Amino acid sequence: MENVNHISEELYNLAQNKVEELLPLVTNETPANDPNSIELMHWSEIVEQYELAHYPIKKPSIAELISNAIEEFGLTQRDLAKMINISPSRINDYVKGKAEPTLYIAGKLCRVLKIEPADMLMV
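Residues numbered from 1 in each chain as written. Predicted model: local features only at pLDDT ≥ 70, side-chain atom pairs only at ≥ 80, totals over all residues. Heavy atoms only, no water.

## Brief notes about the overall build of the protein chain
Along its length, the protein chain carries seven helices and zero strands. For the protein chain, the sequential pattern of α-helices and β-strands runs α-α-α-α-α-α-α. Relative to the compact-globule value of 14 Å for 123 residues, the protein chain shows a C-alpha radius of gyration of 22 Å, a clear excess of over 25%. Across the protein chain, every contact between residues at least 6 apart in sequence was considered, and the portion connecting residues at least 24 apart equals 55%. In the structure as shown, the protein chain presents an accessible area of about 8,500 Å², 53% of it carried by carbon and sulfur atoms. Charged side chains of the protein chain number 11 positive and 19 negative; the gap between the two group centres comes to 22 Å. (Helix = DSSP H or I, 4+ residues; strand = E, 2+ residues; numbered from the N terminus. Rg over C-alpha atoms; globule rule 2.2 N^0.38 Å. Contact = heavy atoms within 4.5 Å. Areas by Shrake-Rupley, 256 points an atom, 1.4 Å probe, with all protein chains shown as cover. Lys, Arg positive; Asp, Glu negative; His and termini not counted. Charge placed at Lys NZ, Arg CZ, Asp CG, Glu CD.)

Have a look at this one:
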């Protein structure tokens, strides 16, 4: 495998095109030792490594986690505040990134908003 730092944009573009060509030829039933499967895996690895190096996905902040979950559940900040027994202004501080919840409150937020605790702690 080529060093990710040496994968050029041209090679990346070629790899993307090859992946697009091969995807219709490889199904879940295609054996792993099939030449098309092997080639698809090779080109896919190049695409993945280039994208990891050049287009990293940043982890969401605690504010983003809370805000996204509130929206996903169709809640208001006031609803969430009542659910975990804190003031709406405190929820607003979390959503705006002005403050971070204590571990105790973070645990409540994780339970109510179905956020994985590891996601909350890894930020």
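## Regarding helix H5 (residues 88–96)
If you check which residues of H5 are buried, you get Ile-91, Tyr-94 and Val-95. Buried residues of H5, viewed axially, fall in a sector of 95°; they line one side. Tucked inside the fold, the buried residues of H5 contact helix H3 (62–72), helix H4 (77–84) and helix H6 (103–113). Of the residues flanking the end of H5, it is Gly-97, one or two places downstream, whose phi is positive at about 75°. (Buried < 20%, exposed > 50% of the residue type's maximum accessible area, 1.4 Å probe, protein only. Arc of directions from axis to C-beta.)

## Comments concerning the packing of H3 against H5
Here H3 crosses H5 at 115°, and the two axes come no closer than 7 Å. Facing H3, whose interface residues are Ala-63, Ile-66, Ser-67 and Ile-70, H5 presents Ile-91, Tyr-94 and Val-95. A class-by-class count of the residues in the contact of H3 with H5 yields six nonpolar, one polar and no charged. (Axes fitted to C-alpha atoms, helices over the stretch in contact; angles between N-to-C directions. Nonpolar A, V, L, I, M, F, W, Y, C, P; charged D, E, K, R; others polar.)

## Description of the side chain of Lys-108
With respect to the helices, strands and loops of the structure, Lys-108 is situated in helix H6. One buried charged side chain, Lys-108, makes no salt bridge at all; its nearest oppositely charged neighbour is Asp-79, positioned 16 Å away. Other than its neighbours up to four places away in sequence, Lys-108 contacts Ile-84 and Asn-85. (Salt bridge = Lys/Arg side-chain N within 4 Å of Asp/Glu carboxyl O.)

## Topic: the packing of helix H1 (residues 9–22) against helix H2 (residues 35–54)
Contact pair H1 / H2: the axes reach a minimum separation of 9 Å and the direction vectors enclose 140°. Between H1 and H2, the angle is such that the two are oblique. Between H1 and H2 lies a crossing whose hand is left-handed. Contact with H1, carried on its side by Glu-9, Leu-11, Tyr-12, Leu-14, Ala-15, Gln-16, Lys-18, Val-19 and Leu-22, involves Asn-36, Glu-39, Leu-40, Trp-43, Ser-44, Ile-46, Val-47, Tyr-50 and Glu-51 of H2 and no other residues of that element. When its residues are assigned to classes, the contact of H1 with H2 shows 11 nonpolar, three polar and four charged. (Parallel < 35°, antiparallel > 145°, perpendicular 65-115°, else oblique. Left-handed = near helix turned anticlockwise from the far one by under 90°.)

## Quick notes on the pattern of salt bridges
Across all of its chains, the model carries two salt bridges by this definition. With a closest N to O distance of 3.5 Å, Glu-64 and Lys-58 form a salt bridge.

## What about H4?
The set of residues buried in H4 consists of Leu-80, Ala-81 and Ile-84. Each buried residue of H4 lies within a common arc of 105° when the element is viewed along its axis, so the set occupies one face. Relative to its buried face, H4 has exposed residues pointing more than 90 degrees away, namely Arg-78 and Lys-82. One or two positions beyond H4, positive phi appears at Asn-85, with a value near 60°.

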